[in-house]
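Residue-level structure breakdown
If you want the building blocks of each chain, they are given just below.
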Amino acid sequence: MSDIWIMRIGHRPQRDKRVTTHVALSARALGAKGIYVDTKDEVLESNIRSVVDRFGGDYTIETGVRWQKAVKEFEGSVVHLTMYGQRVDEALPGIPKDSDIMVVVGAEKVPPEVYQQADFNISVGNQPHSEIAALAIFLDRFTEGRALYSDRHGKMTVIPNSRGKTVVDLSE
Ligand code: SAM
């Protein structure tokens, strides 16, 4: 199975802190290996690392990474999620599963160069919505749901419960 990396572009630390945090956490929960964010944001890095520390896995975050460099140096397929792209159901079978993928998501307007440099421009419906929703649906389909309940061997582990909350805290 491919390793999945996320490239978040257009991040504005004050305005987008909540959305980018959710992009990063959703990507982690849905099986990505790590996220690159174009603008330096140490608070964001520390928040995500704190979740990884408690809930496990080896998810990484690096901020202040130029998307041009990340895309150019990436060895694998670059998938840009955009409402203008080809249908996700039609595009998915064409994405190689034996090499890694980098999924690019925007914030505000995405520069035209992203569309040109991506190997695939893929929509999750052709309605405008959210990078969090688009990424979650794309990753769930790409991984065929495999990441959702995979064990991250964290200090904190949630045991599914039909009513209350069951959490095993190994740090206690
Ligand atoms: N209007 C902006 C543009 O033209 O680039 C998009 C802004 S949207 C709030 C932020 C990001 O959400 C986009 O860059 C894209 O990655 C993602 N997105 C929003 N709707 C999408 C859709 N229907 N399919 C795929 N990605 C979508």
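For the structure itself, look to the data block above.
This report concerns the structure included in the present document. Owing to the predicted nature of the structure, the values given are computational and were not obtained by experimental measurement. (Residues numbered from 1 in each chain as written. Predicted model: local features only at pLDDT ≥ 70, side-chain atom pairs only at ≥ 80, totals over all residues. Heavy atoms only, no water.)

1. What about the side chain of Thr20?
Short version of the rule: Strands here are runs of E lasting at least two residues and helices are runs of H or I lasting at least four, both read from the DSSP assignment and numbered beginning at the N terminus. Working rule for contacts: check all heavy atoms of both residues, and any pair within 4.5 Å makes them a contact.
Structurally, Thr20 can be placed in helix H1 (residues 13–29). Excluding its chain neighbours within four sequence positions, the residues that come into contact with Thr20 are Arg8, His11, Val37 and Leu44.

2. Observations concerning the site of the ligand
Heads up, the rule is: Only heavy atoms are used to decide nearness, and a residue is near a molecule or strand if one of them lies within 4 Å of it. Polar contact is the term for a pair of N or O atoms within 3.5 Å; when the atoms are in protein, one must be able to donate a hydrogen and the other to accept it, and sequence-neighboring residues count only if both atoms are side-chain atoms. Working definition of accessibility: Shrake-Rupley area with a 1.4 Å probe, residue cover restricted to the visible protein chains.
Close to the ligand lie 19 residues; Leu81, Ala107, Val124, Gly125 and Gln127 are nearest. Interatomic distance of 2.6 Å between a backbone N/O atom of Leu81 and an oxygen atom of the ligand. A distance of 3.2 Å is found between an oxygen atom of the ligand and a backbone nitrogen or oxygen belonging to Glu131. Relative to its unbound accessible area of 560 Å², the ligand is 83% covered by the protein chains.

3. Here's the deal with unusual backbone geometry
Across residues other than glycine, the phi torsion is negative in most instances, and most of the peptide bonds are trans. We apply this condition: Categorising residues by exposure relies on relative accessible area from a 1.4 Å probe, with only protein chains included: less than 20% of the type maximum marks a residue as buried, more than 50% marks it as exposed, and the intermediate range marks it as partly exposed.
One non-glycine residue, Glu144, lies in the positive phi region at around 55 degrees. Among the secondary structure elements, Glu144 is positioned in the loop between helix H6 (131–142) and strand S7 (156–159). The exposure class of Glu144 is exposed, given its relative accessible area of 58%. In this structure, His153 takes a positive phi of about 55 degrees despite not being glycine. By secondary structure assignment, the location of His153 is in the loop between H6 and S7.

4. Some points on H1
Spelled out, the test is: At every residue, the bend is computed as the angle between two fitted axes, covering the seven residues ending there and the seven beginning there respectively.
When the local axis directions of H1 are compared, the greatest deviation, roughly 35 degrees, occurs at Val19. All of the buried residues in H1 are Asp16, Thr20, Thr21, Val23, Ala24, Ser26, Ala27 and Arg28. Check the buried side of H1 and you find it contacts strand S1 (4–8), strand S2 (34–37), helix H2 (42–55), strand S5 (100–105) and H6.

5. Quick look at H6
Stated precisely, the cut-off is as follows: The span one expects for a helix is its residue count, reduced by one, times 1.5 Å. It is the directions from the helix axis to the C-beta atoms that the arc portrays.
Helix length check: H6 (twelve residues) gives 16 Å between terminal C-alpha atoms against 16 Å at 1.5 Å per residue, within 8%. All of the buried residues along H6 are Glu131, Ala134, Leu135, Phe138, Leu139 and Phe142. The buried residues of H6 all sit within an arc of 120 degrees when viewed along its axis, so they share a single face. On its buried side, H6 packs onto S1, H1, strand S4 (76–87), helix H4 (88–91), S5 and strand S6 (120–123). For H6, the N-terminal capping position is held by Ser130, with its side-chain oxygen 2.9 Å away from the main-chain nitrogen of Ile132. At the C-terminal side of H6, Glu144 shows a positive phi close to 55 degrees.

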